[in-house]
Amino acid sequence: MKASLFCTARYMGPARSDIWPLAGDVYSADVAQRSMETTLDQFRCADEFGFDWVTTAEHHYSAFSLTPNPMVMAGALTQVVKRAKIAVLGPTIPILNPVRVAEEFAMLDVMSGGRLVAGMLRGTANEYVTYNINPSESRERFAEALHLIRRAWIEPQPFGWLGRYYQYRTISIWPRPVQKPHPPIYMSGSSPEAGEFAAKNRIGIGFAFTTVPMAQKAVRHYRAVANADGWDPPPDQVIYRAMFHVAESDEQAFADLSALPPRVALTDQNAAISEAVRDTGYYGVQVAEQSQRNARRELADRIELGQVVVGSPETALAQVRRIRDELGAGILDLVVGAQLGDKTLRSIELFGTKVLPRMREL
Amino acid sequence: MSAEFAARRVATEGGALAYAEAGKGEAIIVIGDSATPAPAHALLATDRRVIVLAPCDAETTPQSYARRIATALETMGLARFDVMGQGAGSEAALWLGLARPAATGAIVLAAPTALTGRDMGLEGRLGDMKRPVLALFGTNDRTAPPEEGGRYRTLLPDCHLMFVYESGHDIAADRPEALAFIAREFFERRDLFLVSRASGLAFP
């Protein structure tokens, strides 16, 4: 089993984390710069201590993440992270220009020497307000954009695209990806619709801010559809994301973690948007079940459900083993408790040196 | 929107040539896998004269069929026309463009099988094509797969390649609005169709 470190590039100054969009009147340029530097330090640390991947992602109008364009952060990472793969999980492709996404991914693959992992996501509900895209079109836009991006990577001749949502008269991207036929692609596998699409298109899946039991059910569906389609996804085709913090002892790790503010999911930070998006059919057939992913829970429950990995290296390893055994995921994408200063760096070091070597044997 | 096609015949040396016709304006000659007009043809017939020919029969080569079509079009008094070749009809469409470059405006190929068809001599002649060609391939087409598209672009001196998302082999039926839209654009503007004229203005 492999590990990735996910930093959202959180704004480290005082700012509300329960409202979207967040007003800029509390924003400090100095704090933002320090936040970026801290993020790069954490990524650098993960690379140094053996993490297999580093992860960046797209979110808008929030202190939760200062990477509205994760491609820019990934570009910086190509120069800072020397060994680990760089996973962009991902751009929210239904709200973006897919040709631009194909071009930027190709640039990153070249700049990183073929270390790009290309996530393509639908994003959280609020993202659709950002660029004024109707969420009811999300799934269809996603599918078309993904096919277009893949075609842009592999087609040797200039070509036009006559889509349902996208139209281009000629496309011929430069540079082109290093990895052949193209970088590995991952998408969210949380809903049955998504899992089916991924399986039929031989794409890896990822789970973020869900629970192991929910992910387990979704992985079974993904694998069943893949098997029916004639292939058997290896463990590396499944990414599971959990928050993590490791310290010398369980007591220290729990104490550190309790200093962090409670997380309110971006989806739940604006009730009107949440309701309006839900009404568009954005969540597919499992609306009620999907809303459970972000339900507020006590820390003990979150650990039990595999949402948080916390404790000493021994404890953390046991929790990781459970996730591996119950889910069969090959990649654990660990969300760093970013605001703990040196304790964050120590957590990354402890995980990399004490947990990761034994985790590889799982 | 929909146009009524009328069944007609025109005499040629090789016998009467059956076709279906609708609309007024500059002519589009459709050579396809079927003599039955598709929804895309009806859309084109709203402002163009659309002539849908019967497919080439098994006893006739696409090259000689193209010669018969050229004669028939002269008989019909058509000195200028655009050509749409669909599926196996793309062979005769390309031969027609090669045989009558002065009369042919532009050529649209929809899911062409011209390079995998029975006319092996066509490939060697494509470099002589004087007319602009737009080659369309459905992303779900297994008969004329998208991977074939690059060959047309390489062999034809002025060929634009375009993929039609979520279309199978019968683009005229699967994505009629899309096919009619892009064919109209290409016939009207030829190579200039690369530059969009669609307005991005949200509000004046």
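The coordinates are above.
Model, not experiment: these values are computed from the prediction.

Looking at this model, I keep getting lost on the overall build of chain A. Mind explaining?
Within chain A one finds 13 helices and 11 strands. Buried positions account for 50% of the 362 residues belonging to chain A. For chain A, the share of sequence-separated contacts (at least 6 apart) that also reach a separation of at least 24 residues comes to 75%.

What exactly am I supposed to notice about the pairing of strand β7 (residues 133–138) of chain B here?
Remark: a regular strand shows side chains that alternate across the two faces of the sheet. Residue and element names in this part refer to chain B. Extensive coverage of β7 is indicated by the burial of 6 of its 6 residues. Alternating residues of β7 divide into Val133, Ala135 and Phe137 and Leu134, Leu136 and Gly138, and every residue in both groups is buried. Looking at chain direction, β7 and strand β8 (residues 159–164) are connected through 6 bridges and run parallel. Across the sheet, the residue bridging to Leu134 is His160, located in β8. Traced from β7 through helix α5 (residues 149–155) to β8, the parallel crossover comes out right-handed.

How should the interface of chain A and chain B be read in this particular structure?
A common measure of how large an interface is: the accessible area buried when the components associate. Listed by partner, the interface residues are 14 residues for chain A and 17 residues for chain B. Listing elements by their share of the side of chain A that touches chain B, those giving two or more residues are α5 (138–154), β5 (159–162) and β6 (167–171) of chain A. When residues in the side of chain A that touches chain B are grouped by element, the largest group, 4 residues, is from β5(A). Within the side of chain A that touches chain B, the residues separate by chemical class into 5 nonpolar, 5 polar and 4 charged. Bridge analysis of β5(A) against β8(B) gives 3 bridges, and the strand direction is parallel. Residue Gly160(A) lies in a different strand from β8(B), and its bridge partner there is Met162(B).

I tried to follow the pairing of β8(B) on my own but got confused; where do I start?
Buried residues dominate β8(B), accounting for 6 of its 6 residues. Of the two faces of β8(B), both are covered, the one formed by Cys159(B), Leu161(B) and Phe163(B) as well as the one formed by His160(B), Met162(B) and Val164(B).

Where do I start with the nonpolar core in this structure?
In a soluble, globular protein the nonpolar side chains are often hidden away together inside. With 169 residues, the main nonpolar core has Val54(A) and Leu136(B) as its most contacted residues. Among the elements that make up this core, the one with the highest residue count is α5(A) (8 residues). For Leu136(B), the residues in contact, after removing those within four places along its chain, are Val108(B), Leu109(B), Ala110(B), Ala111(B), Met162(B), Val164(B) and Ile171(B). Core analysis: the second largest hydrophobic core is formed by 7 residues, Met12(A), Trp20(A), Tyr61(A) and Ala63(A) among them.

Quick question: what am I supposed to make of helix α13 (residues 342–359) of chain A here?
Every α-helix winds through 3.6 residues per turn, so residues three or four apart in the chain are directed the same way. Residues and elements named next belong to chain A. The terminal C-alpha atoms of α13, which comprises 18 residues, lie 24 Å apart, in line with the 26 Å expected from a rise of 1.5 Å per residue. If you look at α13, its biggest bend is around 35 degrees, right at Gly352. For α13, the complete set of buried residues consists of Thr344, Ser347, Ile348, Leu350, Phe351, Gly352, Val355 and Leu356. Contacts made by the buried residues of α13 are with β1 (2–6), α1 (29–48), β9 (238–246), α12 (313–327) and β11 (331–336).

Is there a simple way to explain the packing of helix α7 (residues 212–228) of chain A against α12(A) in this structure?
Two packed helices can be described by the angle between their axes and the distance between those axes. Residue and element names in this part refer to chain A. Between α7 and α12, whose axes approach to 9 Å, the crossing angle comes to 30 degrees. Classed by the angle they form, the pair α7 and α12 counts as roughly parallel. Crossing geometry of α7 relative to α12 is assigned as right-handed. On α12, the residues that touch Val212, Ala215, Gln216 and Val219 of α7 are Ile323, Glu326 and Leu327. For the contact of α7 with α12, a count of residues per class yields 5 nonpolar, 1 polar and 1 charged.

Explain the environment of Gly189(A) to me, please; I cannot follow it from the model alone.
Residues and elements named next belong to chain A. Mapped onto the elements of the fold, Gly189 is located in the loop between β7 (185–188) and α6 (192–200). Sequence separation between Gly189 and Ser138 is 51 residues, and the spatial gap between their C-alpha atoms is 15 Å. Apart from the residues within four sequence positions on either side, Gly189 is in contact with Ala194, Gly195, Ala198, Ile205, Gly206, Phe207, Ala218 and Tyr222.

Would you mind showing me how to read the sheet that holds strand β3 (residues 27–31) of chain B here?
Within a beta sheet, neighbouring strands are joined by backbone hydrogen bonds and run either parallel or antiparallel to one another. If you trace the 10 strands from one edge of the open sheet to the other, you get β6(A)-β5(A)-β8(B)-β7(B)-β6(B)-β5(B)-β3(B)-β4(B)-β2(B)-β1(B), paired in mixed fashion. Strands at the two margins of the open sheet, each flanked by one partner only, are β6 of chain A together with β1 (6–12) of chain B. For this sheet, the mean angle separating the axes of adjacent strands, direction not counted, is 25 degrees. Across 4 bridges, strand β6 (residues 104–110) of chain B lies against β7(B) in parallel orientation. When the bridges of β7(B) are listed, Ile107(B) appears paired with Val133(B). Sheet strands touched by helix α2 (residues 62–75) of chain B: β1, β2 (15–22), β3, β4 (49–53) and β5 (81–86) of chain B. Its angle to β1(B), the strand with the most contacts, is close to 105 degrees.

Mind showing me how you'd approach unusual backbone geometry here?
If a residue is not glycine, its phi is most likely negative; likewise, a peptide bond is most likely trans. Residue and element names in this part refer to chain A. Note the cis peptide between Trp20 and Pro21, where omega equals 0 degrees. Its location among the elements puts Pro21 in the loop between β1 and α1. In the segment running from Leu89 into Gly90, the intervening peptide bond is cis, with an omega of -10 degrees. Inspection of the secondary structure assignment puts Gly90 in the loop between β3 (85–88) and α3 (98–111). Its identity as a non-glycine residue notwithstanding, Tyr61 has a phi of 55 degrees, on the positive side.

The rules behind these values
Residues numbered from 1 in each chain as written. Chains lettered and ligands numbered in written order. Predicted model: local features only at pLDDT ≥ 70, side-chain atom pairs only at ≥ 80, totals over all residues. Helix = DSSP H or I, 4+ residues; strand = E, 2+ residues; numbered from the N terminus. Buried ≥ 20, exposed ≤ 12 C-beta atoms within 10 Å, placed from the backbone. Contact = placed C-beta atoms within 7 Å. Pairing = 2+ DSSP bridges. Right-handed = clockwise from strand over helix to strand, strands pointing away. Nonpolar A, V, L, I, M, F, W, Y, C, P; charged D, E, K, R; others polar. Core = buried A, V, L, I, M, F, W, Y, C linked by C-beta atoms within 7 Å. Expected span 1.5 Å × (residues − 1). Bend = angle between axes of the 7 residues up to and from the residue. Axes fitted to C-alpha atoms, helices over the stretch in contact; angles between N-to-C directions. Parallel < 35°, antiparallel > 145°, perpendicular 65-115°, else oblique. Left-handed = near helix turned anticlockwise from the far one by under 90°.

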